[in-house]
Amino acid sequence: MADSSFDIVSKVDRQEVDNALNQAAKEISNRYDFRGTNAHIEWSGAENIVLSAESEDRVKAALDVFREKLVRRDISMKAFKPGDPVASGKSYKITGSIVQGIGQEEAKKISKKVRDDGPKGVKVQIQGDELRVSSKKRDDLQTVIQLLKSSDFDVALQFVNYR
């Protein structure tokens with residue numbers, strides 16, 4: 001019998017992020033507490049998002065609105081890394097980035113967690129920015145998925161290609 005396997009990836013649907021950004025921009029333009037603060041949110045390149053407003057508390061409030069929209073669209077908070085508010089002239093800016101892929105350090109941590117705490121006979125291979133987990137028993141793979149879901153890593157994990 002052939003080995004069963006699945007892949008561990010960290011990917012974000014850009015269209016969902018774009019939808020969340022557009023919803024946040026609409027709410028920011030309509031809400032009373034943002035009137036006159038010149039608050040707005042926009043893409044800056046392919047993976048960066050810039051929020052700006054005239055005061056530090058308003059730019060933080062705009063960030064909270066954007067985070068709320070991301071959560072409603074089932075995008076993990078670990079996939080968006082905002083920076084600190086930075087004063088630039090009369091306004092404050094927060095630049096955040098969308099994080100995709102599993103870095104080498106995180107991949108090693110995940111692999112070590114599966115080797116140490118997972119069932120025997122489960123193999124983990126690092127393949128670029130994703131991991132392949134394989135085993136002869138499908139139940140072991142389910143156990144690994146539950147183990148990783150209960151663990152806390154610095155990246156948002158998705159489990160795909162289960163066969």
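From a predicted model like this one, the values you see are computed outputs, not experimental measurements.

Asks: Explain the overall build of the chain residue by residue, including any values.
Replies: Check the secondary structure of the chain and you find 4 helices and 9 strands. Counting from the amino terminus, helix and strand elements in the chain follow one another as β-α-β-β-α-β-β-β-α-β-β-α-β. Once the C-alpha set of the chain is aligned to its principal axes, its extents read approximately 65 × 25 × 25 Å. Within the chain, buried positions represent 39% of all 163 residues.

Asks: Account for the packing of aromatic side chains, naming residues and giving values.
Replies: Inspection of every chain in the model, using the stated rule, returns 3 aromatic pairs. Aromatic side chains Phe 6 and Phe 159 sit 5.8 Å apart centroid to centroid with 75 degrees between the ring planes, which places their arrangement in the edge-to-face category. Taken together, the residues span a long stretch of sequence, with Phe 6 in strand E1 (residues 4-9) and Phe 159 in strand E9 (residues 158-160) at a distance of 153 residues. In this structure Phe 6 comes out as buried when scored by relative accessible area, which is 0%. For Phe 159, a relative accessible area of 24% puts it in the partly exposed group. Relative to Phe 80, the ring of Phe 66 lies with its centre 5.1 Å away and its plane at 80 degrees, an arrangement referred to as edge-to-face. Here Phe 66, found in helix H2 (residues 56-72), pairs with Phe 80, found in strand E4 (residues 80-82); they are 14 residues apart in sequence, far enough to count as distant. Judged by relative accessible area, which is 0%, Phe 66 ranks as buried. The exposure class assigned to Phe 80 is buried, which follows from its relative accessible area of 4%. A connected cluster of aromatic rings, assembled from ring pairs, spans Phe 6, Phe 159 and Tyr 162.

Asks: Outline helix H4 (residues 138-150), supporting the account with residue identities and numerical values.
Replies: The end-to-end C-alpha distance of H4 is 19 Å, a good match for the 18 Å that 13 residues give at a rise of 1.5 Å each. What H4 keeps buried is the set Asp 140, Leu 141, Val 144, Ile 145, Leu 147 and Leu 148. Seen from one end, H4 has its buried residues packed into an arc of 160 degrees, which puts them on one side. For H4, the exposed residues set more than 90 degrees away from the buried face come down to Asp 139, Lys 149 and Ser 150. Elements that come into contact with the buried residues of H4 comprise E1, helix H3 (104-117), strand E8 (130-135) and E9.

Asks: Account for the environment of Lys 108, naming residues and giving values.
Replies: With respect to the secondary-structure elements, Lys 108 resides in helix H3. Remark: the alpha-carbon pair of Lys 108 and Leu 157, spanning 49 residues in sequence, is separated by 14 Å.

Procedures and definitions
- Residues numbered from 1 in each chain as written.
- Predicted model: local features only at pLDDT ≥ 70, side-chain atom pairs only at ≥ 80, totals over all residues.
- Heavy atoms only, no water.
- Helix = DSSP H or I, 4+ residues; strand = E, 2+ residues; numbered from the N terminus.
- Buried < 20%, exposed > 50% of the residue type's maximum accessible area, 1.4 Å probe, protein only.
- Phe/Tyr/Trp six-rings, centres within 6.5 Å; stacked < 30°, edge-to-face > 60°.
- Expected span 1.5 Å × (residues − 1).
- Arc of directions from axis to C-beta.
- Contact = heavy atoms within 4.5 Å.

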